[in-house]
Amino acid sequence: MKQTIFEIAKIIDAQPCPLSDAGIRILLTDSRSLSEPAVTLFFALSTEHNDGHRYIYDLYEKGVRNFVVRHDFAGIDRMPDANCLRVDDTLAALQHLAAHHRRLFDIPVIGITGSNGKTIVKEWLYQLLHDRFSIVRSPRSYNSQTGVPLSVWQLDDQTQLGIFEAGISLQKEMERLEAIIRPTIGIFTTIGEAHQENFFSQEEKCLEKLALFQSAEVIIYNEDQRLVNYCLEKKGFLHKGYSWSAKNEEAPVYIAGIEKLIDHTMITYTAHGTQQTLKIPFTDDASIEDAIHCLTLILYLAPELPELPARFEKLDPVAMRLDVCKGIHGNTLINDTYNSDINSLAIALDFMVRRSTDHQLKRVLVLSDILQSGMVPAAFYRKVAELVHQKQIQHIIGIGPNLMSHSNLFNMEKDFYPTTESFLASGVWRGLKNAIVLIKGSRKSRFERISEQLEEKVHQTVLEVNLDAVIHNLKYFRSRLNPETKVICMVKAFGYGVGSYELAKTLQERGADYLAVAVADEGAELRREGISMPVLVMNPEEHAFNTLFEYRLEPEIYNLNLLDAIIRETERRGILSYPIHIKLNTGMNRLGFDAPDIPALGKRLNRQTGVLVKSVFSHLAGSDSPLLDDYTERQISLFSQMSGQLEGLLNYPVKRHVLNSAGIERFPAAQFDAVRLGIGLYGISAVDEKALRPVAALKTRILQIRDVRAGESVGYSRNARLIRDSRIACIPVGYADGLDRRLGNGTGTVHVNGTACPIVGNVCMDICMIDVTGVNVAEGDEVTLFGEPVTVSDWADKLKTIPYEILTSISPRVKRIYYKE
């Protein structure tokens, strides 16, 4: 659907101004996701640490002519034919426009909220109902103040059912989302601990979430959740309830029995006076509860839906993440091999474009037939082809009869095959080189076989890196800072062991202000990978000056000798005002200028033009320890005096920073102009680790299981003698991978299928053994060494060391797998 710019200006109450005629179909808030400039309206959203107005002129040069703005911006005088709708609040304008759009449709709309399970319930409802209704739903987890209006904007004349998530993290947020979604049917999943830090109690949070259902006709919920039941009564919503219960036989949907078997669960229920049994291919409690929510919704909305048992039996897992890993022949692989629909395809393609821009890699899409949403196939695949062309895909490999039938719609290098087997047999995949390859398929297409062929073969031990956890942790620390305080993110030592490029790319996209590395070679590698943001080098060496200048890296300067050397080099090269950062020693007694050096330092800096001081900083020796608080306070005081003295000697302002991760949490009053975020970014807190999310998880798989009798030994030196008959599993991880030998002989534990299993015997170079006696395991099962529930900090405590050492000890031969929800 299109709306004219004149209609939109009236809806959002923009200030009167001359406008040129334009039809708007796409709302854009992220400049990196531009696809069709001519029909795009860009909302310049402002946040604490970024401002969309900075990207307007760049979008104008790419063809966008329609913008919603709050104030003037750079380049506005060079945009004579642009429509700039000026409003007081661009986010409110976006939400108001989406709310108006929603009111145009008199259709069932499902609104889903709760602490967990929202996305799973939404995606399963789509799987269950897509052939009964033409559905528009939230893409993946678009449930925020920005994501919800962008989701609702997708409603069009063909839509028969809307399914939208709503998530909140602060009080009073749900009221704004309710006005946009206006659900006729509500689903409340669960109430849990997520985002609890911003609410006084779980009751307060539950009541806030229930505000989504103010105008709903019915609310689907589990009445066995006492708090939810109580809050519904308090809100006066109990009369809207269409509940399910495993305790109350009078509930509209009574769960009479749940039987968990090896690989599936049987759910027996009574509704509308009859008893039925469903089979679902899951056995975990969360999936069972999510499936019952879906069942209850269908029994209310579409009770005559045919083949209901068969639909539930075919439910696919919902892939909540995109995996990025290294492939053969210089390829980079993006795996999304569990679902295939046009919404998730758009998101995956957008992620692919961002990852390929800096590398200039060829863009290749491997795509299966797509789960449709009620459209005529020809029209549907024309829409798919338009999306693929917009994202400038250079080679498509289509697999499935529907894609083959519509291959003429794709005007690019293309190959089409009826099945995954025929594609693999063709050998075409062997010719993919120096490309970024998005593997996007439905579960039944079994595209994991394609991934197996294209992945670079390494051993089974991997370090999974959650990029969403990085973003969460960055937001947490920013929430403790003033809006104007800059954040320098530490990615030295191969990103604390998790891998620097993907981490740096994510931080660059999320508006971090600076990166910091240890040596110039680390910074050069980031530049070669396409990282353009400022990079601070903490330990520069004179022989690396050429690398510093070539890659525009900014060195730390810690004494007069190094300062003189870099000044001489700038003079020799004819460089003016090259950025440097001055290190002060306030008590760490490692590197840095001492207090008596400040006058000579100021004098030397004022007598040259080759370098310009961007910042002055120091290191705290014990900000994480309450026992050292007095010392930390003295360091901060000395830093304030020394940095103030130096700034007074210079003829220009410089930024000051002294806080590290622990300092941000424990001494926020000393944030000055910037902070350095290191170990906290990776999920380690000096105050409350529950507020952070673990970034890295070390995982492997069981190679072999054997029965060993009591009295026999396991491993080298016969250090482990068994006192009972035992089952011993071998896993392919050893001290060459970063598994400390001190974790052997029962000191360390790993988790297999949710059960803690001790490490038995000495840790070997490439293998260790674990005791799985009494545990339901099989060869090939996944083993978690650290991540959840055992954390990096738990390992560090056992080894009487620090989390830094654990992370940075993980060997480069351990494959890093990056994923994003």
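Structural data are supplied above this passage.
For every chain, the first residue of the written sequence is number 1, and numbering continues from 1 onward in sequence order. Local features in a predicted model are, by the rule used here, given only for residues with pLDDT of at least 70; side-chain atom pairs are given and counted only at 80 or more, and totals for whole chains, interfaces and linings are based on all residues. Side-chain descriptors were evaluated using all non-hydrogen atoms of the structure, hydrogens and water having been removed beforehand.

A.B. asks: For this particular structure, what's the right way to read the sheet that holds strand β3 (residues 26–28)?
C.D. replies: As a general point, the strands of a sheet are linked pairwise by backbone hydrogen bonds and lie either parallel or antiparallel. For two strands to be treated as a pair, DSSP must find no fewer than two bridges joining them. We count a stretch as a helix when DSSP gives it H or I for four or more residues in a row; a strand needs E for two or more, and each element gets its number in order from the N terminus. Pairing within the open sheet is parallel, and its four strands lie in the order β3-β4-β5-β6. In the strand order of this sheet, the two ends are held by β3 and β6 (83–86), each with one partner. Geometrically, the sheet is characterised by an average inter-axis angle of 20° between neighbouring strands, direction not taken into account. Where strand β4 (residues 40–43) meets strand β5 (residues 66–69), three bridges bridge the pair, whose relative direction is parallel. Residue Leu41 lies in a different strand from β5, and its bridge partner there is Asn66. Here, residues are in contact when the closest pair of their heavy atoms is within 4.5 Å. A fitted line through C-alpha atoms serves as each axis, taken over the contacting stretch for helices, and the angle formed by two N-to-C directions is quoted from 0 to 180°. Sheet strands touched by helix α3 (residues 90–102): β3, β4 and β5. Its angle to β4, the strand with the most contacts, is close to 140°.

A.B. asks: Even after reading the chapter, I still don't get the side chain of Ser793, so can you show me in this structure?
C.D. replies: Among the structural elements, Ser793 can be located in helix α25 (residues 792–799). The rule is simple: take the accessible area with a 1.4 Å probe, protein chains only, and divide by the maximum for that residue type; under 20% is buried, over 50% is exposed, in between is partly exposed. Of the residues examined, Ser793 reaches a relative accessible area of 12% and is grouped as buried. Those residues in contact with Ser793 that lie beyond four places of it in its chain are Ile684, Glu689 and Pro803.

A.B. asks: What exactly am I supposed to notice about the pairing of β4 here?
C.D. replies: Each regular strand displays side chains that alternate between the two surfaces of the sheet. Where burial is concerned, the two faces of β4 agree: the one with Thr40 and Phe42 and the one with Leu41 and Phe43 are both buried. As defined by bridge partners, β3 adjoins β4 across three bridges and the pair is classed as parallel. When the sheet's bridge partners are listed, Leu28 is paired in β4 with Phe42. For the handedness criterion, the strands are oriented away from the viewer, and a crossover whose path from the first strand over the helix to the second runs clockwise is classed as right-handed. With respect to chirality, the unit in which β4 leads through helix α2 (residues 56–61) into the neighbouring parallel β5 is right-handed.

A.B. asks: Is there a simple way to think about empty space enclosed by the protein in this case?
C.D. replies: Buriedness for pockets is judged along seven lines, at least five of which must meet protein on both sides within 12 Å for an open set on the 1 Å grid over protein atoms alone, while cavities are sets there where a 1.4 Å probe fits but cannot get out, and lining residues have an atom within 4 Å of a point. Grid points are joined across faces, edges and corners, and a volume is the space filled by probe spheres set on the points. Counted under the stated rule, the structure contains two cavities of 30 Å³ or more. For the second largest cavity, the calculated volume is near 70 Å³. Residues are grouped as follows: Ala, Val, Leu, Ile, Met, Phe, Trp, Tyr, Cys and Pro are nonpolar; Asp, Glu, Lys and Arg are charged; all remaining types, including Gly, are polar. When its residues are assigned to classes, the lining of the second largest cavity shows two nonpolar, one polar and six charged.

A.B. asks: Is there a simple way to explain the environment of Gly748 in this structure?
C.D. replies: Positionally, Gly748 belongs in the loop between β35 (726–731) and β36 (749–752). Each C-alpha atom, one on Gly748 and one on Lys798, is 7.7 Å from the other, the two residues being 50 residues apart in sequence. When sequence neighbours within four positions are dropped, the list of residues in contact with Gly748 reads Leu743, Cys757, Pro758, Ile759 and Lys798.

A.B. asks: Would you mind showing me how to read helix α7 (residues 202–210) here?
C.D. replies: Side chains three or four residues apart in an α-helix point the same way, a direct result of the helix having 3.6 residues per turn. Along α7, the residues that are buried comprise Lys205, Cys206, Leu207, Glu208, Lys209 and Leu210. In this structure, the buried residues of α7 make contact with β7 (109–113), α6 (174–181), β10 (185–188) and α8 (226–235).

A.B. asks: What should I look at first to understand the environment of Val708 in this one?
C.D. replies: You can see Val708 is positioned in strand β32 (residues 704–708). On the accessibility criterion, Val708 (7% relative accessible area) is buried.

A.B. asks: Sorry, what's going on with the pattern of salt bridges here?
C.D. replies: Should the charged atoms of two oppositely charged side chains come close, the side chains can pair. Any Lys or Arg side-chain nitrogen found within 4 Å of a carboxyl oxygen on Asp or Glu counts as a salt bridge. The final tally for this structure, using the stated rule, is 32 salt bridges. Two residues, Arg65 and Asp81, come together in a salt bridge whose shortest N-O distance is 3.0 Å. Placement of the pair is Arg65 in the loop between α2 and β5 and Asp81 in the loop between β5 and β6, with a sequence separation of 16 residues. In this structure, Arg137 engages Glu123 in a salt bridge whose closest nitrogen and oxygen atoms are separated by 3.1 Å.

A.B. asks: Before we go on, may I ask you to explain unusual backbone geometry in this structure?
C.D. replies: The bulk of non-glycine residues show a negative phi, and the bulk of peptide bonds are trans. For the bond from Glu788 to Pro789, the omega torsion is 5°, close enough to zero to count as cis. Looking at the element boundaries, Pro789 is found in the loop between β39 (782–786) and α25. Not every positive phi belongs to a glycine, and Gln392 is a case in point at roughly 55°. Tracing the backbone shows Gln392 in the loop between α12 (377–390) and β19 (395–399). Positive phi values are uncommon outside glycine, yet Asn434 reaches one of about 50°. Here Asn434 is to be found in the loop between α14 (420–426) and β21 (435–440).

A.B. asks: Hey, could you run me through helix α18 (residues 500–509) in this one?
C.D. replies: Judged by how many residues are buried, α18 sits mostly within the fold: nine of ten residues are covered. For α18, every residue scored as buried is listed here: Ser500, Tyr501, Glu502, Leu503, Ala504, Lys505, Thr506, Leu507 and Glu509. Downstream of α18 by a residue or two, Gly511 has a phi angle that is positive, lying close to 80°.

A.B. asks: Mind showing me how you'd approach the packing of α3 against α6 here?
C.D. replies: Relative placement of two packed helices is described by the angle separating their axes and the distance separating the axes. Close contact between α3 and α6 brings their axes to 7 Å; oriented N to C, the two are set at 35°. On α6, the residues touching Leu91, Ala92, Gln95, Ala98, Ala99 and Arg102 of α3 are Arg176, Ala179, Ile180 and Ile181. Considered class by class, the residues forming the contact of α3 with α6 number seven nonpolar, one polar and two charged.

A.B. asks: In this structure, what is going on with the packing of aromatic side chains? I would like to understand it.
C.D. replies: Each pair of aromatic rings is reported with the distance of its centres and the angle of its planes. Between the rings of Phe, Tyr and Trp (Trp by its six-membered ring), a pair exists once the centres lie within 6.5 Å; its type follows the angle of the planes, with under 30 degrees stacked, over 60 edge-to-face, and the other angles tilted. Summed over the entire model, instances satisfying the criterion amount to twelve aromatic pairs. Pairing Tyr57 with Tyr60 gives two aromatic rings, centres 6.0 Å apart and planes at 20°, and the pair type is stacked. Highlighted residues: Tyr57 and Tyr60, both in helix α2, separated by three residues, approximately one helical turn. Considered together, Tyr57 and Tyr60 belong to a single accessibility category, that of buried residues. Aromatic side chains Phe786 and Trp795 sit 5.2 Å apart centroid to centroid with 80° between the ring planes, which places their arrangement in the edge-to-face category. One aromatic cluster in this structure is built from Phe545, Phe549 and Tyr578. Over a ring means this: the NZ of a Lys or the CZ of an Arg is within 6 Å of the ring centre and within 35 degrees of the ring normal. For the cation-ring pair, Arg78 lies above Tyr57, with the distance from its terminal atom to the ring centre recorded as 4.3 Å.

A.B. asks: Mind showing me how you'd approach the state of the cysteines here?
C.D. replies: What we call a disulfide is simply a covalent bond connecting the sulfur atoms of a pair of cysteines. Any cysteine sulfur atom paired with another within 2.5 Å is treated as part of a disulfide. Under the counting rule described, the total for this entry stands at zero disulfides. Distance from the sulfur of Cys17, which forms no disulfide, to the nearest cysteine sulfur (Cys84) is 7.8 Å. Residue class for Cys17 comes out partly exposed when judged on its relative accessible area of 33%. You can see Cys231 has no disulfide; the closest cysteine sulfur is in Cys206, sitting 3.7 Å from it.

A.B. asks: Quick question: what am I supposed to make of the sheet that holds strand β12 (residues 241–245) here?
C.D. replies: Strand order in the open sheet formed by nine strands is β8-β9-β7-β10-β11-β12-β13-β14-β15, with mixed pairing between adjacent strands. The open sheet has two free edges, formed respectively by β8 (135–137) and β15 (274–280), since each of these has just one partner strand. For this sheet the average axis-to-axis angle between neighbouring strands, irrespective of direction, equals 20°. The pairing of β12 with strand β13 (residues 253–260) spans two bridges and is parallel.

A.B. asks: Help me out: how do you make sense of the environment of Ile436 in this one?
C.D. replies: Position of Ile436 among the secondary structure elements: in strand β21. Discounting residues that sit within four places of it in the chain, Ile436 has contacts with Thr332, Ile334, Met352, Arg355, Ser356, Leu361, Lys362, Arg363 and Val364.

A.B. asks: Any chance you could explain a positive patch on the surface here in plain terms?
C.D. replies: Patch rule: a residue counts if its relative accessible area is over 30% and it has no salt bridge; like charges are joined within 9 Å, and nonpolar side chains (Val, Leu, Ile, Met, Phe, Trp, Tyr) within 5 Å. Working definition of accessibility: Shrake-Rupley area with a 1.4 Å probe, residue cover restricted to the visible protein chains. The convention is simple: Lys and Arg are positive, Asp and Glu are negative, and His and the chain ends are not counted. Taken as the charge centre is NZ of Lys, CZ of Arg, CG of Asp or CD of Glu, depending on the residue. Together, Arg54, Lys486, Arg552, Lys614 and Lys655 line one region of the surface with positive charge. Mapped onto the secondary structure, Lys614 falls in strand β28 (residues 611–618).

A.B. asks: I'm lost on the pairing of strand β30 (residues 674–677) in this one. Help?
C.D. replies: Alternating positions in β30 separate into two faces, Ala674 and Arg676 on one and Val675 and Leu677 on the other, with burial throughout. By the bridge criterion, four bridges tie strand β23 (residues 486–490) to β30 in an arrangement that is parallel. Of the residues in β30, the one forming a bridge with Cys489 is Leu677.

Such coordinate-based values are descriptive only and should not be taken to indicate function.
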